[in-house]
Amino acid sequence: MVSLGEPKWRGRQLAEALYHQRIVDVEGITTLPRALRQKLANEGWGVGRPRIAQIFTSVDGTERYLVQGQAPDGLTVETVWMPEGDGGEAGDGTDDSGSVKADSSSSSGRGWDRATICVSSQVGCAVNCQFCLTAKLGLQRNLAAGEIAGQVVAVLDRQGVEVGKDRVNLVFMGMGEPFLNYDNFMAAVRLLVEEVGLSPQRMTVSTSGIVPGIERFAEEPPEVRPKLAISLNAPNDLIRSKVMPINRKWPIEAVVDAARAVRLRTRERITFEYVLLGGVTDQPEHAAEVARLVRRTGLPAKVNLIAWNPGPGIAYSMPQPDAVETFRRTLAAEGVPVYLRRPRGRDIYAACGQLKRTVEG
Ligand code: SF4
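Reading guide: rules and limits
- Residues numbered from 1 in each chain as written.
- Predicted model: local features only at pLDDT ≥ 70, side-chain atom pairs only at ≥ 80, totals over all residues.
- Heavy atoms only, no water.
- Near = heavy atom within 4 Å.
- 1 Å grid on protein atoms, 1.4 Å probe; cavity = no way out; pocket = protein on both sides within 12 Å on 5 of 7 lines; lining within 4 Å.
- Sits in = over half its atoms within 2 Å of the grid points.
- Nonpolar A, V, L, I, M, F, W, Y, C, P; charged D, E, K, R; others polar.
- Points joined across faces, edges and corners; volume = space filled by probe spheres on them.
- Helix = DSSP H or I, 4+ residues; strand = E, 2+ residues; numbered from the N terminus.
- Polar contact = N/O pair within 3.5 Å; in protein donor to acceptor, adjacent residues only side chain to side chain.
- Buried < 20%, exposed > 50% of the residue type's maximum accessible area, 1.4 Å probe, protein only.
- Pairing = 2+ DSSP bridges.
- Right-handed = clockwise from strand over helix to strand, strands pointing away.
- Contact = heavy atoms within 4.5 Å.
- Axes fitted to C-alpha atoms, helices over the stretch in contact; angles between N-to-C directions.
- Salt bridge = Lys/Arg side-chain N within 4 Å of Asp/Glu carboxyl O.
- Core = buried A, V, L, I, M, F, W, Y, C linked by side-chain atoms within 4.5 Å.

Visitor: Just give me the short version of the site of the ligand, but keep the residues and values in it.
Guide: Taken together, the neighbourhood of the ligand is formed by Cys 125, Val 127, Asn 128, Cys 129, Cys 132, Thr 134, Ala 135 and Gly 176. Judged by the proximity of its atoms to the pocket grid, the ligand belongs to the largest cavity. Taken together, the residues of the shell around the ligand sort by class into 5 nonpolar, 3 polar and no charged.

So this is what it looks like as structure tokens:
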């Protein structure tokens, strides 16, 4: 608005119209004078939210969306709606009891009592984790702040979510490495907190371990700082460097050191995400090593286990169910809080590490 020669407070009115009233055309913003609306339209400005171009629905109720990015390239990104969450994130600073209902019945009558939205931060990804389909795309481009926040608003609208009333968690764990698009990612978080009214304590951002990003994140004020998850995925540097080549640049100790600077809220914990790869990272001795590693950090932490979801062209195998259970039990016996994330939407390629279809068309 300032760049258009308008007073700054016109920007506030615009934000109010976009995010509170969720108006989808310039003409509808009646708080702005008619002449200004006309000027905006004449200059080609538009408002609205990203269009959901395609929807895939899983037998488990999960929905995967291809969300249209901004022109000119019109690339789509992927956003996932998981009714009843996936057992890994409570999102409100409390423990997730893991007692997620087996069926999708709910007291609300809508099919869900709580839900998690998995949000993308980039089109593709440059990090190259060996188990991840998104990595195969390489990085196409960063998403703008409006495109990141827009995914959330589009899904809130589609699902009829009442902000402030419904229990909805956000996980920034979709396509991309949020900390390699740091400014836009945090600008999106601020929009979602300050304009949409979502709580940062119900948001979790997952990083592959981008140390400069974690250092910046540690400086964010608690009013807008989501919770932090570190994608660990291996018990030691040797294995991690093979599974996640980024580890050669920032090894585990450097990542943990950076995470120590985050001033945690009461009862907040850092999450270590751990993808179990059959025969590679899922052995009992790996579990014991992870337990030692987590304890050694001295951080209030929990571990989220994810059984690897298969994808074409990736030479790993799924862990055996009994290996998963042994791993979980070993961590629990060592006193490490551990949760097993349910695979959601595997049949529609919506599960962790499977987001890729976008650019393939
Ligand atoms: S797991 Fe995340 S950081 Fe790693 S390649 Fe996939 S999208 Fe990128």
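Visitor: Lay out empty space enclosed by the protein with the relevant residues and their values.
Guide: Overall, the coordinates contain 3 cavities of 30 Å³ or more when judged by the stated rule. Looking at the largest cavity, its volume works out to about 490 Å³. What lines the largest cavity is a set of 33 residues, among which Phe 131, Cys 132, Met 173, Gly 174 and Ser 231 lie closest to the centre.

Visitor: Which residues make up the environment of Glu 78, and what values do they have?
Guide: Structurally, Glu 78 is set in strand β3 (residues 76–83). As for Glu 78 and Met 175, which are separated by 97 residues in sequence, their C-alpha atoms are 6.9 Å apart. Polar side-chain contacts of Glu 78 include one of 2.8 Å to the side chain of Arg 64.

Visitor: An account of the pairing of strand β7 (residues 167–172) is needed here, citing residue identities and associated values.
Guide: Burial runs high along β7: 5 of the 6 residues are buried. Where β7 meets strand β8 (residues 203–207), 3 bridges bridge the pair, whose relative direction is parallel. Looking at the pairing, Val 171 lines up with Thr 204 of β8. Read from β7 through helix α4 (residues 182–196) to β8, the crossover connection turns out right-handed.

Visitor: Mind laying out the side chain of Ser 231, listing which residues take part and the relevant values?
Guide: Its location among the elements puts Ser 231 in strand β9 (residues 227–231). By relative accessible area, Ser 231 is classed as buried at 14%. Here Ser 231 is in contact with Ser 206, Thr 207, Ser 208, Arg 240, Met 244 and Glu 273, once residues within four sequence places are set aside.

Visitor: Quick rundown of the layout of surface pockets? Include the residues and the values.
Guide: Of the pockets and cavities examined, the largest pocket occupies roughly 790 Å³. Together, 27 residues line the largest pocket, and Leu 14, Leu 18, Tyr 19, Gly 46 and Val 47 are the ones closest to its centre. Those elements that place two or more of their residues in the lining of the largest pocket are α1 (9–20), α3 (145–159) and α4. Per element, the largest residue contribution to the lining of the largest pocket is 6 residues, and it comes from α1. Partitioned by chemical class, the residues of the lining of the largest pocket number 13 nonpolar, 9 polar and 5 charged. Its boundaries defined by the atoms lining it, the second largest pocket holds a volume of some 150 Å³. At the level of secondary structure, the elements contributing two or more residues to the lining of the second largest pocket comprise α7 (252–260) and α8 (284–297). For the lining of the second largest pocket, the leading source of residues is α8, giving 5 residues.

Visitor: Can you lay out the sheet that holds β9 for me, pointing to particular residues and giving the numbers?
Guide: Within a sheet, each strand pairs with its neighbour through backbone hydrogen bonds, oriented either parallel or antiparallel. Across the sheet, which stays open at both edges, the 10 strands sit in the order β1-β2-β3-β4-β7-β8-β9-β10-β11-β12 with mixed pairing between neighbours. In this open sheet, the two strands that pair with only one neighbour each are β1 (52–57) and β12 (338–341). For this sheet the average axis-to-axis angle between neighbouring strands, irrespective of direction, equals 25 degrees. The strands that α8 touches are β10 (270–276) and β11 (301–307); relative to β10, the one it contacts most, it runs at about 165 degrees.

Visitor: Requested: an account of the pattern of salt bridges, with residues and values cited.
Guide: On inspection of all chains with the given rule, the structure shows 23 salt bridges. For Glu 63, the salt bridge is made with Arg 158, and the minimal N-O distance between the two is 2.9 Å. Placement of the pair is Glu 63 in strand β2 (residues 63–68) and Arg 158 in helix α3, with a sequence separation of 95 residues. Judged by relative accessible area, which is 11%, Glu 63 ranks as buried. Classification of Arg 158 by relative accessible area gives partly exposed; the value is 40%.

Visitor: Pulling in residues and values, what's your account of the nonpolar core?
Guide: Membership of the largest hydrophobic core comes to 86 residues, with the highest contact counts inside it found for Phe 172 and Leu 228. The element best represented in this core is α4, accounting for 8 residues. Judged by nonpolar contacts, the second largest core, of 11 residues, contains Cys 118, Met 175, Ile 348 and Ala 350.

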